[in-house]
Amino acid sequence: MIRTVVLDIGETLTRDDRYWAAWADWLGTPRHTLSALVGAVVVDGRDNADALRMLRPGLDVAAEYAAREAAGRGEQLDETDLYDDVRPALAAVRAAGALVVIAGNQSPKAGAMLRALDLPADVLAVSGEWGVAKPAREFFERVLQVSGAPAAETLYVGDHPANDIAPARAAGLATAHLRRGPWGHWWADEIRATGAADYSIDSLYDLLPIINA
């Protein structure tokens, strides 16, 4: 029985289009170029920030992020960045009796912007506030602390096999891999073929049969 559903953020709840477009504009490169490089690092199973370092070798991503913020060109997030199924599907999951937790690798600023959207969730936390990020086991231990549910009754939903699915399973959580975004689409067939996740889903609406089982 699943009592708690925990959802990743980037490319699970929110589109990353604006995120990468803003980086391309800041670094003075065509958006398509950076998009293609993101695809390349996805295929290689590398850190997505490596796409930025390909454009500017030796780039200090954290320092550049701070420079963008100082220039008033930092990250933005609003209703238009949400996937269409987010609000109705999360509301339906809560109505079915499950606790909804949102927890991903985001900055404190992103956490504040997400809270301002007033999503149908019981808990919202980001790695920048916790001081620990996926795929560290401590991240998933914090998830269980805030949910108060046993690992076996907690479902972690995400698109990334290395950051979401593998470490969540290692921490004892049930997992659902979402075919969404570059990582979700690229790895979906392999995950389904190998059974690397407990569930493979194409939409957040697919969570309802899982929690009602």
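Worth saying up front: this structure is predicted, and the values here are computed from it rather than measured.

Peer 1: Before we go on, may I ask you to explain the packing of aromatic side chains in this structure?
Peer 2: Aromatic ring pairs are described here by two measures, namely the spacing of the ring centres and the angle between the planes. Under the criterion given, the structure shown has 4 aromatic pairs. Between Phe 139 and Phe 140 the ring centres are 5.3 Å apart and the planes differ by 75°, which places this aromatic pair in the edge-to-face class. A relative accessible area of 0% means that Phe 140 is categorised as buried. Arranged with centres 5.3 Å apart and planes meeting at 75°, the rings of Phe 140 and Tyr 156 form a pair that is edge-to-face. One end of the pair, Phe 140, is in helix H8 (residues 137-147); the other, Tyr 156, is in strand S4 (residues 154-158), with 16 residues separating them in the sequence. A single burial state applies to Phe 140 and to Tyr 156, both of which are buried. Through successive ring pairs, a cluster of aromatic residues spans Trp 130, Phe 139, Phe 140 and Tyr 156. Above the face of the Tyr 83 ring, Arg 180 is positioned so that its terminal group lies 4.2 Å from the ring centre.

Peer 1: I keep staring at unusual backbone geometry and nothing clicks. Help me out?
Peer 2: The phi angle of most residues is negative, glycine excepted, and most peptide bonds adopt the trans form. For the peptide bond that leads from Lys 134 to Pro 135, omega is 10°, which places it in the cis range. With respect to the secondary-structure elements, Pro 135 resides in the loop between helix H7 (127-130) and H8. Backbone geometry at Glu 11 places phi at a positive 60°, although glycine is not the residue there. On the accessibility criterion, Glu 11 (5% relative accessible area) is buried. Phi is positive for Asp 118, close to 50°, though the residue is something other than glycine. The topology assignment puts Asp 118 in the loop between helix H6 (108-116) and strand S3 (123-126). Under the relative-accessibility criterion, Asp 118 is labelled exposed at 63%.

What counts and how
- Residues numbered from 1 in each chain as written.
- Predicted model: local features only at pLDDT ≥ 70, side-chain atom pairs only at ≥ 80, totals over all residues.
- Heavy atoms only, no water.
- Phe/Tyr/Trp six-rings, centres within 6.5 Å; stacked < 30°, edge-to-face > 60°.
- Buried < 20%, exposed > 50% of the residue type's maximum accessible area, 1.4 Å probe, protein only.
- Helix = DSSP H or I, 4+ residues; strand = E, 2+ residues; numbered from the N terminus.
- Lys NZ or Arg CZ within 6 Å of the ring centre and 35° of its normal.

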